[in-house]
Amino acid sequence: STDFKYNMDIYSAYATFSQNRGKWSYQVGARIENVEVQADTNRIRAFTDKYTQVYPSAFVTYSPNEKNQLQVSYSRRVDRPGLQQVNPIREWATPLISSFGNPSLEPQFTSSIETNYTRRIKNGSITAGVFYRSISDEINRAVYVDRLDFNRLILTFDNFDNTSAYGFELSTNYR
């Protein structure tokens, strides 16, 4: 019998400043977080993790008239590993595949730059935008050969190299 005790405390503070200047408006902000993780599996394998991070954001909007709006933004976000992704207790999925989490898994950080154009219509709006995202320490599934038995596989999670994503979004809002 193995118990997995996992505790994550997140202490955060937020600050935001915004202002309108004619047809222009802007908002800048930051969130600072101190994260403390403590985990224990019946004292067989315990681990801790502590880190402090700042997540800035900025938005600039230009509205030449009531029907048109252009916005450029930057933000930094975090995706923390889930409980199952760090749980080191081995599970046997099949006779040849073992699965367990990775206690050394780091959070995944995303920096995002977006540009959006919104056109207001009679009963709603249409928004089109493009984005670019830079993802560092991306969390993904990983498959490794078991060093104790080369005929078996281990299914786990790991941090991978930096990744980029870009795309186009189109949305509408109609009342």
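Structure first, text after, so check above.
In what follows, the accompanying structure is described. All values reported here derive from a predicted model rather than from experimental measurement.

1. A few points about the pairing of strand β7 (residues 108-121)
Then, number 1: Bridge count between strand β4 (residues 68-79) and β7: 12 bridges; the pairing is antiparallel. Along β7, the bridge assignment pairs Val-78 with Phe-109.
Then, number 2: Pairing between β7 and strand β8 (residues 124-136): 13 bridges, direction antiparallel. Note that in β8 the partner of Ile-121 across the bridge is Gly-124.

2. Looking at the sheet that holds β8
Then, number 1: An order of β1-β2-β3-β4-β7-β8-β11 is seen for the 7 strands of this open sheet, with the pairing classed as antiparallel. Each edge of the open sheet carries a strand with a single partner, namely β1 (5-21) and β11 (163-174). Direction aside, the axes of adjacent strands within the sheet are offset by 10 degrees on average.

3. With respect to the side chain of Ser-73
Then, number 1: Tracing the chain through its elements places Ser-73 in strand β4.
Then, number 2: Overall, the relative accessible area of 9% leaves Ser-73 in the buried class.
Then, number 3: Once residues within four sequence positions are removed from consideration, Ser-73 is found in contact with Ala-58, Phe-59, Ser-112, Ile-113 and Glu-114.

4. Some thoughts on the nonpolar core
Then, number 1: Among the nonpolar cores identified, the biggest contains 10 residues, and these are Phe-4, Val-35, Val-37, Ala-39, Phe-47, Tyr-51, Val-86, Leu-105, Ile-139 and Phe-157.
Then, number 2: Looking at which element gives the most residues to this core, the answer is strand β2 (residues 24-41), with 3 residues.
Then, number 3: Excluding residues within four positions of it along the chain, Tyr-51 makes contact with Glu-33, Asn-34, Val-35, Arg-80 and Pro-107.

5. Some remarks on the pattern of salt bridges
Then, number 1: Taken as a whole, this structure holds 4 salt bridges when the rule is applied.
Then, number 2: With a shortest N-O distance of 2.9 Å, Glu-33 and Arg-31 are connected by a salt bridge.
Then, number 3: Since its relative accessible area comes to 21%, Arg-31 is described here as partly exposed.
Then, number 4: Residue Glu-33 pairs with Arg-80 through a salt bridge whose shortest N-O separation is 2.0 Å. Of this pair, Glu-33 sits in strand β2 while Arg-80 is found in the loop between β4 and α1 (83-86), placing the two residues 47 residues apart along the sequence.
Then, number 5: For Glu-33, a relative accessible area of 7% corresponds to the buried category.
Then, number 6: In this structure Arg-80 comes out as partly exposed when scored by relative accessible area, which is 23%.

What counts, and at which threshold
Residues numbered from 1 in each chain as written. Predicted model: local features only at pLDDT ≥ 70, side-chain atom pairs only at ≥ 80, totals over all residues. Heavy atoms only, no water. Pairing = 2+ DSSP bridges. Helix = DSSP H or I, 4+ residues; strand = E, 2+ residues; numbered from the N terminus. Axes fitted to C-alpha atoms, helices over the stretch in contact; angles between N-to-C directions. Buried < 20%, exposed > 50% of the residue type's maximum accessible area, 1.4 Å probe, protein only. Contact = heavy atoms within 4.5 Å. Core = buried A, V, L, I, M, F, W, Y, C linked by side-chain atoms within 4.5 Å. Salt bridge = Lys/Arg side-chain N within 4 Å of Asp/Glu carboxyl O.

These results come straight from atomic positions and should not be treated as a statement about function.
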